[in-house]
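Commentary on secondary and tertiary structure
Given next are the chains, with one letter for each unit.
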Amino acid sequence: MGDQEIYINNPNISFHVVTRIQEMHAIIGGVGPFDLLIENGVDTGTRKRDLLRSLIYHVADGGRYVVENLDTVHHSRSGGRYQPSVFDIILAAWVAKSGPQIGLGAGDRALSDAVGAIELSENMAIISKSGNHSWKLREEQIRVPSAQTEILNIYPPQEVESRALVETNNAALQESRFPRILKYPEISLRSYANATAVPGQVYFQGSTVLPDSFRHFTRPYLRNRNLKDLGRDVAIGPPLAPRLLPGQFYALDSELPGHFGHITSEVVARLWGWDEAKAKYPELKALVSKRGGGLLAEWEYELFEAAGIDREDIHVHHEPVQVERLIAATPMFSQPASVSTQIVEVWNTIGKKISPGIADGPKKIFIGRKAGSSTRVCRNGADLENKFRESGYMVVYPEDLSIADQISLFRSAQHVAGYAGSGMFNLMFSGGAKDIIVIGSESYDAVNEYLIASALGGNLTYFWCVPDLPQPSSGWQLTSFFSDYEFDFRQDGELLDRVLSQAETTTSV
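Residues numbered from 1 in each chain as written. Predicted model: local features only at pLDDT ≥ 70, side-chain atom pairs only at ≥ 80, totals over all residues. Heavy atoms only, no water.

1. Comments concerning the pattern of salt bridges
What the rule picks out here adds up to 20 salt bridges. Its salt-bridge partner being Arg215, residue Glu255 comes within 2.8 Å of it at the nearest N-O pair. Here the residue Glu255 occupies a position in the loop between strand E16 (243–251) and helix H7 (260–267), and Arg215 occupies one in the loop between strand E14 (208–209) and strand E15 (234–236), the gap between them amounting to 40 residues. With its nearest N and O atoms 2.6 Å apart, the salt bridge here joins Lys387 to Asp497. Of this pair, Lys387 sits in helix H11 (residues 381–390) while Asp497 sits in helix H15 (residues 489–506), and the two are 110 residues apart along the sequence. (Salt bridge = Lys/Arg side-chain N within 4 Å of Asp/Glu carboxyl O. Helix = DSSP H or I, 4+ residues; strand = E, 2+ residues; numbered from the N terminus.)

2. Observations regarding the pairing of strand E26 (residues 458–465)
Among the eight residues in E26, seven count as buried, and that is most of the element. Taken together, the five bridges between strand E10 (residues 164–168) and E26 define a ladder with parallel strand orientation. Directly across from Leu165, in E26, lies its bridge partner Asn459. Pairing geometry for strand E25 (residues 434–441) and E26, over eight bridges, is parallel. Paired with Ser441 across the bridge in E26 is Cys465. Note that the unit made of E25, helix H13 (residues 448–456) and E26 has a crossover that is right-handed. (Buried < 20%, exposed > 50% of the residue type's maximum accessible area, 1.4 Å probe, protein only. Pairing = 2+ DSSP bridges. Right-handed = clockwise from strand over helix to strand, strands pointing away.)

3. Brief notes about the environment of Tyr281
Tracing the backbone through its elements, the reader meets Tyr281 in the loop between helix H8 (274–280) and strand E17 (285–289). Tyr281 gets classed as buried once you look at its relative accessible area, which sits at 13%. Sequence spacing of Tyr281 and Gln248 is 33 residues, and the spatial spacing of their C-alpha atoms is 7.2 Å. If we ignore the near neighbours within four places in the chain, the residues touching Tyr281 are Glu150, Leu152, Ser191, Gln248, Arg325 and Ile327. Within polar-contact distance, the side chain of Tyr281 engages the side chain of Ser191 at 3.4 Å. (Contact = heavy atoms within 4.5 Å. Polar contact = N/O pair within 3.5 Å; in protein donor to acceptor, adjacent residues only side chain to side chain.)

See below:
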């Protein structure tokens, strides 16, 4: 009987064959952390080093990570440069706990945090694990079969051409930010056993951070402001004693709870799986968090109810909870350039439920910002809004209206203009193609309006204005993202006049 048969026939041992280190995280992470993890492979120059940098985070605080076969360890060269062995990395990480980080790579800060005492023998290193860590899982990693995760449904990747007809005042930014072909990765509906939810869209399972914690899930560096990062792939682990919450729950939390723009763009994007999950788990409830305690805002309940979630099926939590089963869905809408055409069905369902008919409202609306706004202020906004009023646009301040009135206005209008940002996001519930005009700062690189128009169709005219604080030549900074700006009538007035003139000739009477 071969070794593989022995493992498979032993009920206490599971046997897995993996071809890449990354596949191990989903398999062992869901049942971690472990008190003991033994790595006994033969070194090929980098393999044992790479295993250490990945697998030690699945060991519990005070547990042991054992590296065997040290006699096979050797140094290697890559591109003519010396590459440290796993033995070098272990010692460097241990020294770095109380001294300089000599011999460690840029991504090894978490490793020095994780390595405690070291015991050495002739052919073995026993590392005492220090601290509580979790490995950040990516979407593609959860496809690996795991006893703790069940894939309920999968949709293949999409590659579609944008339905938006675009004109802008900046050809270079249009080319870089508005790709004509939109690529969307495989999306899935999945079920996690024994997951921990922390307010602010942070989800753990075993010794992993689940991919549903990251709103920008396609980016190389996965971040969540409510997660304590130790590097690109590692974070501080889950709370040690979360409150137990029996039952099945659907992940609908936001990294920024209660924020209109993030709820409509990122949470709504995960609603597509609710009906299917509810059919499989009839007692399923939506799990969301609320800053400062209490219940959700009324507009949030109305939005969820329009999507088919009864108010009594919404559970609001204010502390970490461990649930028996967490159902989660890949978002169908995500920055910077991903939108699945299937999300349109969800948008239309919400729009029709909240505003069943097309109201007899204004055909041209401008979504304004009140004086005193704190971020992304158009400094000559009063002049700009007067320009639109003169062209027959009704200036609207969404914060003064109920969610039902907002959506009704968007559904009745043929022409929608406004400042880039969440005020324009009701376009997704507007029921179809519109003529859209957006004014924003060059430093504001979010492209939500383009993604919405790409899915629904319509004409999009986008004006990028010079910001007070440009983005740096290399990198990105938040202060620039929120920078104020001014519309340049001298440079862009001719294009604006032409677009407004076209709106005059196409508006239904």
